[in-house]
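Coordinate analysis (summary)
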2 protein chains.
Amino acid sequence: MDSITSRQNKIVREAAALSSSGEERRKRREFLCEGARLCQDAARSGVKVLRCFFTEEAQRKYAPYLEQILAVSGASYQVADHVAQLLSSTKHSQGVFCQCSWPETLGGSEKTVSRCVVLENLQDPGNLGTILRTAEALGFRQVYLLGDCCDPLSPKALRASMGAVFRVGLTVEPSREKLCAQLKREGRVLLAAVPDSAALPVTKVDFSQGKWAVFIGNEGSGLTSETIALCHDLLTIPMAGRAESLNASAAATILLWEMARAGGKEGFHG
Amino acid sequence: MDSITSRQNKIVREAAALSSSGEERRKRREFLCEGARLCQDAARSGVKVLRCFFTEEAQRKYAPYLEQILAVSGASYQVADHVAQLLSSTKHSQGVFCQCSWPETLGGSEKTVSRCVVLENLQDPGNLGTILRTAEALGFRQVYLLGDCCDPLSPKALRASMGAVFRVGLTVEPSREKLCAQLKREGRVLLAAVPDSAALPVTKVDFSQGKWAVFIGNEGSGLTSETIALCHDLLTIPMAGRAESLNASAAATILLWEMARAGGKEGFHG
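Residues numbered from 1 in each chain as written. Chains lettered and ligands numbered in written order. Predicted model: local features only at pLDDT ≥ 70, side-chain atom pairs only at ≥ 80, totals over all residues. Heavy atoms only, no water.

Counting its regular elements, chain A contains eleven helices and twelve strands. The C-alpha atoms of chain A give 20 Å as radius of gyration, which agrees with the globular expectation for 270 residues (18 Å, within 12%). Oriented by its inertia axes, the alpha-carbon framework of chain A measures out at about 60 × 35 × 35 Å. Sorting the 270 residues of chain A into buried and exposed places 57% on the buried side. Carbon and sulfur atoms make up 49% of the accessible area of chain A, which totals about 11400 Å². (Helix = DSSP H or I, 4+ residues; strand = E, 2+ residues; numbered from the N terminus. Rg over C-alpha atoms; globule rule 2.2 N^0.38 Å. Buried < 20%, exposed > 50% of the residue type's maximum accessible area, 1.4 Å probe, protein only. Areas by Shrake-Rupley, 256 points an atom, 1.4 Å probe, with all protein chains shown as cover.)

Moving on to the side chain of B:R133. Topologically, B:R133 is positioned in helix 7 (residues 125–137). Of the residues examined, B:R133 reaches a relative accessible area of 12% and is grouped as buried. When neighbours within four sequence positions are excluded, B:R133 is seen to be in contact with A:S245, A:L246, A:N247, B:A160, B:S161, B:M162 and B:A164. (Contact = heavy atoms within 4.5 Å.)

A word on the pattern of salt bridges. Applying the stated rule across the entire model yields 28 salt bridges over all chains. In this structure, B:E258 and A:R261 form a salt bridge, with 2.5 Å as the shortest nitrogen-oxygen distance. Here the residue B:E258 occupies a position in helix 11 (residues 248–261), and A:R261 occupies one in helix 11 (residues 248–261), the pair thus bridging two chains. Here B:E258 matches A:R261 in class, with each residue buried. Ionic contacts of the salt-bridge type, sharing partners, join the residues A:E24, A:K27, A:R28 and A:E30 into one network. (Salt bridge = Lys/Arg side-chain N within 4 Å of Asp/Glu carboxyl O.)

On to the sheet that holds strand 1 (residues 2–4) of chain A. Residue and element names in this part refer to chain A. The strand order 1-4-3-5-2 describes an open sheet built from five strands, whose pairing is mixed. A single partner strand is all that each edge strand has here, and the edge strands are strand 1 and strand 2 (30–34). Going from strand to strand, the sheet's axes swing by 25 degrees on average, the running direction of each strand aside. As paired elements, strand 2 and strand 5 (residues 96–101) share five bridges and run antiparallel to each other. Looking at strand 5, one finds that C33 is bridged to C98. (Pairing = 2+ DSSP bridges. Axes fitted to C-alpha atoms, helices over the stretch in contact; angles between N-to-C directions.)

Here we come to the nonpolar core. Counting residues in each nonpolar core, the largest one holds 120 residues, and the members touching the most others are A:F31, A:L119, A:F166, B:F31, B:L119 and B:F166. With 14 residues, the next largest nonpolar core counts A:V12, A:L32, A:F53 and A:A80 among its residues. (Core = buried A, V, L, I, M, F, W, Y, C linked by side-chain atoms within 4.5 Å.)

Bringing the packing of helix 7 (residues 125–137) of chain A against helix 11 of chain A into the picture now. Residues and elements named next belong to chain A. Taken N-terminus to C-terminus, the directions of helix 7 and helix 11 make an angle of 15 degrees; their axes are 10 Å apart at the nearest point. Classed by the angle they form, the pair helix 7 and helix 11 counts as roughly parallel. Classified by chirality, the crossing of helix 11 by helix 7 is right-handed. Residues N127, T130, I131, T134 and A135 of helix 7 form the contact with helix 11, whose participating residues are A248, S249, A252, T253 and L256. When the residues that make up the contact of helix 7 with helix 11 are grouped by side-chain class, the tally is five nonpolar, five polar and no charged. (Parallel < 35°, antiparallel > 145°, perpendicular 65-115°, else oblique. Left-handed = near helix turned anticlockwise from the far one by under 90°. Nonpolar A, V, L, I, M, F, W, Y, C, P; charged D, E, K, R; others polar.)

Turning our attention to the pairing of strand 12 (residues 233–236) of chain B. Summarising the sheet, strand 9 (residues 188–193) of chain B and strand 12 of chain B pair through three bridges and their orientation is parallel. Within the sheet, the bridge partner assigned to B:A192 lies in strand 12 of chain B and is B:L234.

Attention shifts here to helix 7 of chain B. Residue and element names in this part refer to chain B. A rise of 1.5 Å per residue sets the reference length of helix 7, with its 13 residues, at 18 Å; its end C-alpha atoms lie 18 Å apart and thus fit the reference within 8%. With 13 of 13 residues buried, helix 7 lies mostly within the body of the structure. Put simply, D124 is the residue that caps the front of helix 7, since its side-chain oxygen is 3.0 Å from the backbone nitrogen of G126. One or two steps after helix 7, the chain reaches G139, where phi turns positive at roughly 90 degrees. (Expected span 1.5 Å × (residues − 1). Polar contact = N/O pair within 3.5 Å; in protein donor to acceptor, adjacent residues only side chain to side chain.)

What follows concerns the packing of helix 11 of chain A against helix 11 of chain B. Two elements in contact, helix 11 of chain A and helix 11 of chain B, have axes whose closest approach is 9 Å; the angle formed by their N-to-C orientations is 65 degrees. Along this stretch, helix 11 of chain A crosses helix 11 of chain B, giving a crossing that reads as right-handed. Contacts between helix 11 of chain A and helix 11 of chain B involve A:A250, A:T253, A:I254, A:W257, A:E258 and A:R261 from the first element and B:A250, B:T253, B:I254, B:W257, B:E258 and B:R261 from the second. Tallied by class, the residues present in the contact of helix 11 of chain A with helix 11 of chain B amount to six nonpolar, two polar and four charged.

Before going further, it helps to spend a moment on the side chain of B:S161. Structurally, B:S161 is set in helix 8 (residues 155–161). Apart from residues lying up to four places away in sequence, B:S161 is in contact with B:G129, B:L132 and B:R133.

Turning our attention to the environment of B:A251. All names here are of chain B. When you line up the elements, A251 lands in helix 11. On the accessibility criterion, A251 (18% relative accessible area) is buried. Considered as a pair, A251 and I216 are 35 residues apart in the sequence and their alpha carbons are 8.7 Å apart. If we skip the residues at most four places from it in the chain, A251 touches I237 and L246.

Aromatic ring pairs are defined here through the distance separating the ring centres and the angle between the ring planes. Tallied over the full model, the rule gives eight aromatic pairs over all chains. On the numbers, 6.2 Å between centres and 70 degrees between planes, the contact of A:Y62 with A:Y65 is edge-to-face. In this structure A:Y62 comes out as buried when scored by relative accessible area, which is 15%. Relative to B:W212, the ring of B:F207 has its centre 5.1 Å away and its plane inclined at 70 degrees; by these criteria the two rings are edge-to-face. Each member of the pair B:F207 and B:W212 is classed as buried. When the ring centre of A:W102 is taken as origin, the NZ or CZ atom of A:R29, which lies over that ring, is 4.9 Å away. (Phe/Tyr/Trp six-rings, centres within 6.5 Å; stacked < 30°, edge-to-face > 60°. Lys NZ or Arg CZ within 6 Å of the ring centre and 35° of its normal.)

Residues and elements named next belong to chain A. The topology assignment puts E14 in helix 1 (residues 10–20). Placed 248 residues apart in sequence, E14 and A262 show a C-alpha to C-alpha distance of 47 Å. When sequence neighbours within four positions are dropped, the list of residues in contact with E14 reads R28 and R51. At 3.3 Å, the side chain of E14 forms a polar contact with the side chain of R51.

To continue, consider the confidence of the model for chain A. All names here are of chain A. On average, residues of chain A carry a pLDDT of 91, and 94% of them reach 70 or more. Ranking the helices and strands of chain A by mean pLDDT puts helix 10 (residues 225–230) first, with 98, and strand 8 (residues 169–173) last, with 90. Taken over the whole predicted complex, pTM reads 0.87, whereas the ipTM for its chain interfaces reads 0.84. (pLDDT = per-residue confidence, 0-100.)

Here it is as structure tokens:
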């Protein structure tokens, strides 16, 4: 095990760049994971851990976590506290970091599931992470990121997902034509979620039968008209009271919940 | 109309203190509201607007909003851009601010509604604002903040609520004994939301009949055992897949949704 005490160290600077820059992550197909639990989640999920960094204090405090992480890590480095600060994107760092390679499909790909979700152009990493966490809690096993979504492997998205990013099947697909064609070949009904009271209320769909893909759009502007045109039908959340809309994350939670609530083999009653 | 060009101006410093300090807000029973739409929401809601501040640019861009705000504002000040920066808590300020007095009960108090929600010790202002926004969208008219909740009039909570804080009936009550006794006198069943799979599933409750109060706890630690003990029954969200819990905001969204979903006179089918 090596020890790193300088913030100028090349290995540390390479790792820090993955935390701060989405371009670095995409170019090198790597990402940096922070926190004992999250690093353990990554190690357990089968993601390739290239390097592990930890402080002396973390070595004492998070020994059981580090044992599992180091068992699969290509290399390990003890780092000084001020070096850990360079790697950290949190206020109170636990001092545990993993540099990982970015797999083609995160958490496996499950095309046979009856219900999947497509997120288009989602921009906020906190929203994305939270939606993935909710999807996992509600039993979803396949989420697609369509178009120009934010990076699911950014520090903020990873943190908000509580590791769900490593376990929910997550596939990035820039092309709406390609993705919609694939989902249709799988025999799915494609539903576009829109804030339109004339659309099909989500409470009226029987998700327990058949195969479904629900499309959820960007925080500010919703789904693109091009994607809506490729879907079979429009779906909406019925609302009471003032016509004040839900925020993106609350709307996604309700849609995911209604899909799971229906029961069937993947629903929570199944 | 006066004009303020100095950041040392006493009136401006008083207003800025309301934005940055919860203690100032509580002590003076006033708050500062930012943004054309949010200030208009405040003005329309009957909150007392003591002073309005706006930049020259805002006067052009948000004239229709300002007209409504100035009609009810006690005083108005045009401020220089660098003065507006002092008042602002956003990255891209619209340059419109209202200093308001903090009413006893925000948005009115409706004790006759069949469904209400109690939030205990909620700590994150973004969560609180989002829950209020969701509550409004789903037709709720009474929310209680129990114990030591974060400030619903902080800039972050106001922003996340999209003005719902001015329209949903919102009552702050530090004492659980007092609040629970009141809710029981109103003939309500008190349900404590807990992450416990042995509790009553929220999908099995018929919220369309009778009167209800659902208690939702703190982000990290849930409801206090003292509050749980004062409730009639335990309520839970059934989950599929991994026993990974939902985050506080997602759990609250699902609970509110299930209460509204039941229909009846305040539900969305009613």
